[in-house]
Amino acid sequence: MANISEIAQLGAKVLRLKAQAVTAMPSAELQQIIETMQDTLATTLGVGIAAPQISVSKRIIIIASRPTERYPSAPLMEPTVMINPVFHALSDIKEKDWEGCLSIPGIRALVPRYKEIQINYTNQQGILMEAKLEGFVARVFQHEVDHLEGKVYLDRVEDNRDIFAESEYVKSQALDL
Ligand code: ZN
């Protein structure tokens, strides 16, 4: 049976907390949280989710890049569960691109993010993993890790003019051929 949670919306306190590291794994509780995150994400057009978005203040994210109506040019990858994820930038280069958030419906904005990052995390089996990410997937990762720090993408917008209503974003993208 699917375990679907409501998604915490901007203004909810849990989105502004620094999430706690996961210390015991694997555990039945952790498994339950991950399943709820997976099932909840599957009901959306999102490409990632962080545990605080299901009101669980723990350091767990899922990156699930796939082309959707929301992100038509997203690369397809297996959904990946990442526990206690960290990263560092491989260069100082940042790129601005559009982001949205399941916790902030109806809004899109241009957000600067590191282009290339080195990441470390623990997988569901408790094994330490490392990878290099770039471009869109690196962006999704940085967006989700921000949720673990109590940040949302609007905090990183450099100019309020970079914030669009979703309906205007769709119009602007339609012209961008
Ligand atoms: Zn988000």
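Residues numbered from 1 in each chain as written. Predicted model: local features only at pLDDT ≥ 70, side-chain atom pairs only at ≥ 80, totals over all residues. Heavy atoms only, no water.

Asks: Help me understand the environment of asparagine 84 in this model?
Replies: Its location among the elements puts asparagine 84 in strand β3 (residues 80–89). Taking relative accessible area as the criterion, asparagine 84 reaches 23% and is therefore assigned partly exposed. Put simply, asparagine 84 and valine 22 are 62 residues apart on the chain and 6.5 Å apart in space, counted from C-alpha to C-alpha. For asparagine 84, the residues in contact, after removing those within four places along its chain, are Ala21, Val22, Met25, Arg59, Asn120 and Tyr121. Looking at asparagine 84, its side chain comes within polar contact range of the main-chain nitrogen of valine 22, at 2.8 Å. (Helix = DSSP H or I, 4+ residues; strand = E, 2+ residues; numbered from the N terminus. Buried < 20%, exposed > 50% of the residue type's maximum accessible area, 1.4 Å probe, protein only. Contact = heavy atoms within 4.5 Å. Polar contact = N/O pair within 3.5 Å; in protein donor to acceptor, adjacent residues only side chain to side chain.)

Asks: Which parts of the structure should I look at to understand the environment of proline 85?
Replies: Inspection of the secondary structure puts proline 85 in strand β3. Through-space distance from the C-alpha of proline 85 to that of glutamate 130 is 9.6 Å; in sequence the pair is 45 residues apart. Apart from the residues within four sequence positions on either side, proline 85 is in contact with Arg59, Ile61, Asn120, Tyr121, Phe141, Val145 and Leu148.

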